[in-house]
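Observations on the three-dimensional arrangement
So the chains spell out like this:
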Amino acid sequence: MKAQVKWLGEELFMGTSESGHTMVLDANGGNLAPSPMEGVLISLGGCSSVDVVSILQKARQSIIGCRVDISGTRVDSVPALFEKIHLHFVITGSDVAAKHVERAVNLSADKYCSVALMLNATVDITHDFEIVAQ
């Protein structure tokens, strides 16, 4: 896997993936685009959500939506690394069993999400969930 990041000027950078997709990053506190650290949170949420949806579909749960709200706390020193990250999954569907959602979230966090597994060594990652019936 390869990627490239190119400086666009001022504090803007464009990342291009090997597959040709691009994303803009803003090192100026995320004024014009996500900051690199916001990108880490989005990547964690995306990776975890892929797992959760896949596991719930394999468990034949009738889900129609999955959202994860992510909050991160950074240390007050340089580099300002993440100290804690919390993921709150909101699963929408009909007759979705809490035991299946709990299992899916735990499997993602402990076994499948490569982003979470990389961050686990230095960041306290917690998670919870809620089910919204529709």
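Residues numbered from 1 in each chain as written. Predicted model: local features only at pLDDT ≥ 70, side-chain atom pairs only at ≥ 80, totals over all residues. Heavy atoms only, no water.

Looking at an unreviewed UniProt entry, one finds the protein named OsmC family protein and attributed to Colwellia demingiae.

Concerning the sheet that holds strand β4 (residues 62-74)
In a beta sheet, neighbouring strands are held together by backbone hydrogen bonds and run either parallel or antiparallel to one another. Pairing is mixed across the open sheet formed by 3 strands, whose spatial order is β4-β5-β6. Only two strands of the sheet have a single neighbouring strand rather than two, namely β4 and β6 (124-133). Here the average twist between neighbouring strands, direction ignored, is 15 degrees. Examined bridge by bridge, β4 and strand β5 (residues 82-94) share 12 bridges and lie antiparallel to one another. Along β5, the bridge assignment pairs S62 with S94. Across the sheet, helix α1 (residues 36-58) touches β4 and β5, and the angle it forms with β5 is around 35 degrees. Running over the sheet, helix α2 (residues 98-112) touches β5 and β6 and is turned about 155 degrees from β6. (Pairing = 2+ DSSP bridges. Helix = DSSP H or I, 4+ residues; strand = E, 2+ residues; numbered from the N terminus. Axes fitted to C-alpha atoms, helices over the stretch in contact; angles between N-to-C directions. Contact = heavy atoms within 4.5 Å.)

Some remarks on the environment of W7
Here W7 shows up in strand β1 (residues 3-9). The exposed category is assigned to W7, whose relative accessible area is 57%. Sequence-wise, W7 and V24 are 17 residues apart; in three dimensions their C-alpha atoms are separated by 9.8 Å. Excluding anything up to four places from it in sequence, W7 contacts L12 and F13. Within the structure, W7 has its side chain in polar contact with the backbone oxygen of E10 (distance 2.9 Å). (Buried < 20%, exposed > 50% of the residue type's maximum accessible area, 1.4 Å probe, protein only. Polar contact = N/O pair within 3.5 Å; in protein donor to acceptor, adjacent residues only side chain to side chain.)

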